[in-house]
Structure formats: structure tokens, C-alpha cells
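Chains, contacts and geometry: an overview
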Amino acid sequence: YILLVRTAKPSLAASEYESMYGSSPEGLSPIDLARENRLIEALLGAIGEGLINSAHDVAEGGLGVALGEACFNPDKLLGAQIDGLSTSDAAELFGEGPSTVVISAKENDVAQLRRAFETEGIECRAIGRVTENPRLSISGASIDADVNELNRIYESALPGRL
């Protein structure tokens, strides 16, 4: 399973998306450092218990980019079928903000992970599944991309700018 864990809703303010497509009316929200600490402690606890298979922060580019990057397993490219997102606006896919982490876990561990995060007041919800087929498919966002092609674009981005 793929789970989304976050301390606040994403925002386009000061994001890569905003820098490319224009300003966001809402502005930056303050960060609750105590809440961020609870997220980190819950992540470390879940990792220590062996409940998390992988974790990837949502930073530059937002959730859409983080999901693509998470498919770039060095041993074998993986895919993701995402069907648990509200993708009606750009902020959900490309927004950035306070700590958001995409984690993968076994089906048997999902309920325990939810409890661990929700007990700390941290949003935790399943948004999809890891697939063997190297495609990133995000329902409702009209995204269905070959991970091999995404990886090629990703790997050639920096050398192409130099």
C-alpha cells in the first residue's frame, strides 16, 4: 500500500508550480514545529517496528513528483496505482508545505500505521498501491505515465541544464 502522511494540507505558495505558473493567493502558512516533531517521532517509531517499507518526503514539485521519484527503485523500477486522491486542483498534486511523506507498507500493517499517526493528530491515509508494472497512474488526474520515461527525463534534467 501507498500511504500519505502529512501535518497540513499542501499549498501552491512558494512552490515549484507557483514559480512556473504564477502566484498563489493564499500565501505561506506558519509551521507548527511541535506537530512536525510528532510526525518525525511517529515515523521513527514505525520504522523501528518494521512497519514501513519505504519513505519519501514531498518537497520540490509536490506529491506528483514525489510519487514518480518513489518509483525509481535502484534495483528495479516500480509503478504506482493512485486512486485515493482528490485531484480536482493543482495544490493536491503539486503543492508543497509542511511535512508530507509518502510511505509504502504491507497491507497487514496499514491499520497499525494509521493508529500510530492519527493518535498524534497526523493525517494518514491510503492513496494507492505499489505495482510491478512500471507505470505511474493517478486516477482523476489523467496521469498514466511510463516510469522508464519519467526516470529518463529525471536523470537527464541536470546534465541538460549544465
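Above this text sits the structure in question.
In this text the structure is predicted, and so the values were computed from the model without any measurement.

Rolling a probe over the atoms, with the probe sized like a water molecule, indicates the empty space that remains. Considering all chains together, one arrives at one cavity of 30 Å³ or more under this definition. In this structure, the largest cavity occupies an estimated 90 Å³ of space. In terms of lining residues, the largest cavity is bounded by 13 residues, among which Arg-6, Pro-10, Val-58, Gly-95 and Thr-100 are the most central. Across the lining of the largest cavity, the residue classes tally to six nonpolar, three polar and four charged.

Attention now moves to the sheet that holds strand β7 (residues 143-146). In space, the seven strands of this open sheet follow the order β2-β4-β1-β5-β3-β6-β7, with mixed pairing throughout. Looking at which strands have only one partner, the edges of the open sheet turn out to be β2 (54-57) and β7. Ignoring which end each strand starts from, the neighbouring axes of this sheet average 25° apart. Where strand β1 (residues 2-6) lies against strand β5 (residues 123-131), five bridges are found, and the strand directions are antiparallel. By the bridge assignment for β5, Leu-4 is matched with Arg-125. Strands β1, β4 (100-104) and β5 of the sheet are contacted by helix α5 (residues 110-118), whose axis makes an angle of about 150° with β5.

Conventions used here
- Residues numbered from 1 in each chain as written.
- Predicted model: local features only at pLDDT ≥ 70, side-chain atom pairs only at ≥ 80, totals over all residues.
- Heavy atoms only, no water.
- 1 Å grid on protein atoms, 1.4 Å probe; cavity = no way out; pocket = protein on both sides within 12 Å on 5 of 7 lines; lining within 4 Å.
- Points joined across faces, edges and corners; volume = space filled by probe spheres on them.
- Nonpolar A, V, L, I, M, F, W, Y, C, P; charged D, E, K, R; others polar.
- Pairing = 2+ DSSP bridges.
- Helix = DSSP H or I, 4+ residues; strand = E, 2+ residues; numbered from the N terminus.
- Axes fitted to C-alpha atoms, helices over the stretch in contact; angles between N-to-C directions.
- Contact = heavy atoms within 4.5 Å.

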